[in-house]
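Residue-level structure breakdown
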Amino acid sequence: MAPKKKTKQHPITVVHNFGGRRCTGEPPSVATWGTWDCDPSKTGAPSQHHAYGKSFPWTFDMEEKFYVLEGSATLTPDDAEKHGAPVTVAARDMVTAPKGWKGTWDVHSLLKKRYAFFDAKGLRVDEDEDEDDEAPKRARDSDDSDDERRVRTKAA
């Protein structure tokens, strides 16, 4: 019998207390990222920037990085062999969730985060503001300023 091929893990990675004690408040690098929150004490239909409930299934359909502003949650993968052990995230944590991660969020307290999506090359991908818009998302170099992107777009 052939040995079982070991699956390469793609776990969620967490840098706890991102920036250390020198980083007071929100890191400047996440200031332009989107915001999202989840209130575990309420129920209702989720929207692009808000969710409700203590526990819900989730799939990251592209790589997402997020910085936890407030609260805490435990993210438990459906497939521990593929995506590793559950992780608990809390305020001041910088988190990277790999594309394809599937599992459950268990929100312990009101959770607020800043988030951004990234492509396979590590370039930031703009989020469509209208969830019904089927236009493709545009890759963006996170080091470019908004003015530099506008100039490049007009020149193209």
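Overview of the structure. (Residues numbered from 1 in each chain as written. Predicted model: local features only at pLDDT ≥ 70, side-chain atom pairs only at ≥ 80, totals over all residues. Heavy atoms only, no water.)

1. Structural notes on the overall build of the chain
Along the backbone of the chain there are two helices and ten strands. Each helix and strand of the chain, placed in order from N terminus to C terminus, yields the pattern β-β-β-β-β-α-β-β-β-β-β-α. Across the chain, the fraction of contacts at a sequence separation of at least 24, relative to all contacts at a separation of at least 6, is 70%. In the form shown here, the chain has an accessible surface area of approximately 10100 Å², with 52% of it arising from carbon and sulfur atoms. (Helix = DSSP H or I, 4+ residues; strand = E, 2+ residues; numbered from the N terminus. Contact = heavy atoms within 4.5 Å. Areas by Shrake-Rupley, 256 points an atom, 1.4 Å probe, with all protein chains shown as cover.)

2. A word on the pairing of strand 7 (residues 94-97)
Taking every second residue as pointing to the same face, both faces of strand 7 are buried, with Met 94 and Thr 96 on one and Val 95 and Ala 97 on the other. Two elements, strand 1 (residues 13-15) and strand 7, share three bridges in a ladder whose sense is antiparallel. For Thr 13, the partnering residue across the bridge sits in strand 7 and is Thr 96. Examined bridge by bridge, strand 5 (residues 63-77) and strand 7 share four bridges and lie antiparallel to one another. By the bridge assignment, Tyr 67 is partnered in strand 7 with Met 94. (Buried < 20%, exposed > 50% of the residue type's maximum accessible area, 1.4 Å probe, protein only. Pairing = 2+ DSSP bridges.)

3. Notes on the nonpolar core
Ile 12, Trp 36, Phe 60, Phe 66, Leu 75, Val 89 and Trp 105 are the most contacted members of the largest nonpolar core, which has 22 residues in total. Taken together, the elements giving at least two residues each to this core come down to strand 2 (34-39), strand 5, strand 6 (87-90), strand 7 and strand 8 (102-118). Tallying contributions element by element places strand 8 first for this core, with five residues. Contact partners of Phe 60, with chain neighbours within four places excluded, come to Ile 12, Phe 66, Leu 75, Ala 97, Pro 98, Lys 99, Gly 100, Trp 101 and Trp 105. (Core = buried A, V, L, I, M, F, W, Y, C linked by side-chain atoms within 4.5 Å.)

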